[in-house]
Amino acid sequence: MSRPAHGRPEYHKINKDLFVLTYGALVAQLCKDYEKDEDVNKYLDKMGYGIGTRLVEDFLARSCVGRCHSYSEITDIIAQVAFKMYLGITPSVTCNNSSRNEFSLILDKNPLVEFVEELPAGRSSLCYCNLLCGIIRGALEMVHLAADVTFLQDRLKGDSVTEIGITFLKKLDEKKYRRKK
């Protein structure tokens, strides 16, 4: 990454279509490499987790968001800032329970499936965009929040919307992650 004269890092964006097509090729290759959809789903989640653990630093540096004080505030930041920043969309957020630790992100448009009409034959349990779940889970873990992130509904599977469920499990022990002085 180059630094211009004014001291801020210069961020280069790749063409969205190139990214979406490359992601499609990745999923197609994983389907060839793994017989079971569960194995492909696990690999995409694991890959997303690795991206999320690194992406959170970029997000915090570029977004200038402050400390969040509730799970609903965190979920709103994910939807309104992170998704907009990296995918160019803003999902709607709904809270799914009275203890306010389960939320859904409803995606009206999912850019990762822009060129996908349907799942490959015989791949009905494939979570094509499971990478997104891993990214969210990895990023949350890096800010000391354990969460279960899964696809609840998917338009590629015939559902009316694409819905990602986020269940906050517990706050991770910050002492374990603090630097020693």
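The rules we used
Residues numbered from 1 in each chain as written. Predicted model: local features only at pLDDT ≥ 70, side-chain atom pairs only at ≥ 80, totals over all residues. Heavy atoms only, no water. Axes fitted to C-alpha atoms, helices over the stretch in contact; angles between N-to-C directions. Helix = DSSP H or I, 4+ residues; strand = E, 2+ residues; numbered from the N terminus. Parallel < 35°, antiparallel > 145°, perpendicular 65-115°, else oblique. Left-handed = near helix turned anticlockwise from the far one by under 90°. Contact = heavy atoms within 4.5 Å. Nonpolar A, V, L, I, M, F, W, Y, C, P; charged D, E, K, R; others polar. Core = buried A, V, L, I, M, F, W, Y, C linked by side-chain atoms within 4.5 Å. Buried < 20%, exposed > 50% of the residue type's maximum accessible area, 1.4 Å probe, protein only. Salt bridge = Lys/Arg side-chain N within 4 Å of Asp/Glu carboxyl O. Pairing = 2+ DSSP bridges.

J.: I tried to follow the packing of helix 1 (residues 16-33) against helix 2 (residues 37-63) on my own but got confused; where do I start?
T.: If you want to describe how two helices pack, look at the angle between their axes and the distance between the axes. With their axes 10 Å apart at the nearest point, helix 1 and helix 2 run at an angle of 140° to one another. When the interaxial angle is binned, helix 1 and helix 2 end up oblique. The element helix 1 and its partner helix 2 pack so that their crossing is right-handed. Contacts between helix 1 and helix 2 involve Tyr23, Leu26, Val27, Leu30 and Cys31 from the former and Val40, Tyr43, Leu44 and Met47 from the latter. For the contact of helix 1 with helix 2, a count of residues per class yields 9 nonpolar, no polar and no charged.

J.: Just checking my understanding: could you explain the packing of helix 2 against helix 3 (residues 71-87) for this structure?
T.: It is the contact of helix 2 with helix 3, at a shortest axis distance of 11 Å, that shows an interaxial angle of 100°. Considering their axes alone, helix 2 and helix 3 lie roughly perpendicular with respect to each other. Within the contact between the two elements, helix 2 uses Leu55, Asp58, Phe59, Arg62 and Ser63 and helix 3 uses Ile77, Val81, Ala82, Met85 and Tyr86. When grouped by side-chain class, the residues that make up the contact of helix 2 with helix 3 number 7 nonpolar, 1 polar and 2 charged.

J.: Is there a simple way to think about the nonpolar core in this case?
T.: Proteins that are soluble and globular tend to have nonpolar side chains buried together. Ranked by internal contacts, the top residues of the largest apolar core, which has 35 residues, are Phe83, Leu105, Ile136, Leu140, Ile164 and Ile166. At the level of elements, helix 1, helix 2, helix 3, strand 2 (102-107), helix 4 (130-142), strand 3 (145-153) and strand 4 (162-171) are the ones that each hand at least two residues to this core. The element best represented in this core is helix 4, accounting for 6 residues. Other than its neighbours up to four places away in sequence, Ile136 contacts Ile78, Phe83, Leu105, Val149, Ile164 and Ile166.

J.: Even after reading the chapter, I still don't get the pattern of salt bridges, so can you show me in this structure?
T.: Note that side chains of opposite charge can pair when their charged atoms are close. Per the counting criterion, the structure on display carries 3 salt bridges. When the shortest N-O distance is used, the salt bridge between Asp37 and Arg123 registers 2.8 Å. Of this pair, Asp37 sits in helix 2 while Arg123 is found in the loop between strand 2 and helix 4, placing the two residues 86 residues apart along the sequence. Residue Asp37 is classed as buried on the basis of its relative accessible area, which comes to 6%. Judged by its relative accessible area of 10%, Arg123 falls in the buried class. Notably, a salt bridge pairs Asp58 with Arg62, separated by 3.2 Å at the nearest N-O pair. Of this pair, Asp58 and Arg62 both sit in helix 2, 4 residues apart, which is roughly one turn of that helix.

J.: Teacher, can you tell me more about the side chain of Asn41 here?
T.: Locating Asn41 in the fold gives a position in helix 2. In this structure Asn41 comes out as buried when scored by relative accessible area, which is 11%. Beyond its immediate stretch of four places on either side in the chain, Asn41 contacts Ser125, Leu126, Cys127 and Asn130.

J.: Would you mind going over the environment of Gly50 with me for this structure?
T.: Position of Gly50 relative to the elements: it lies in helix 2. What makes Gly50 buried here is its relative accessible area of 19%. Distance from Gly50 to Arg137, taken between C-alpha atoms, is 9.6 Å for residues 87 residues apart in sequence.

J.: Could you clarify how one ought to interpret the pairing of strand 4 in this entry?
T.: Each regular strand displays side chains that alternate between the two surfaces of the sheet. Examined bridge by bridge, strand 2 and strand 4 share 6 bridges and lie antiparallel to one another. Directly across from Leu105, in strand 4, lies its bridge partner Ile164.

J.: When you look at unusual backbone geometry in this model, what are you seeing that I'm missing?
T.: For residues other than glycine, phi is negative in most cases, and the peptide bonds are mostly trans. Here the phi dihedral of Cys64 falls at roughly 60°; this positive angle occurs in a residue that is not glycine. Here Cys64 is to be found in the loop between helix 2 and helix 3. The backbone of Arg100 sits at a positive phi, close to 55°, despite the residue not being glycine. Examined against the element boundaries, Arg100 turns out to sit in the loop between strand 1 (92-95) and strand 2. Judged by relative accessible area, Arg100 falls into the partly exposed class, the value being 43%.

Honestly, that's just the spatial picture; any functional story needs more than this.
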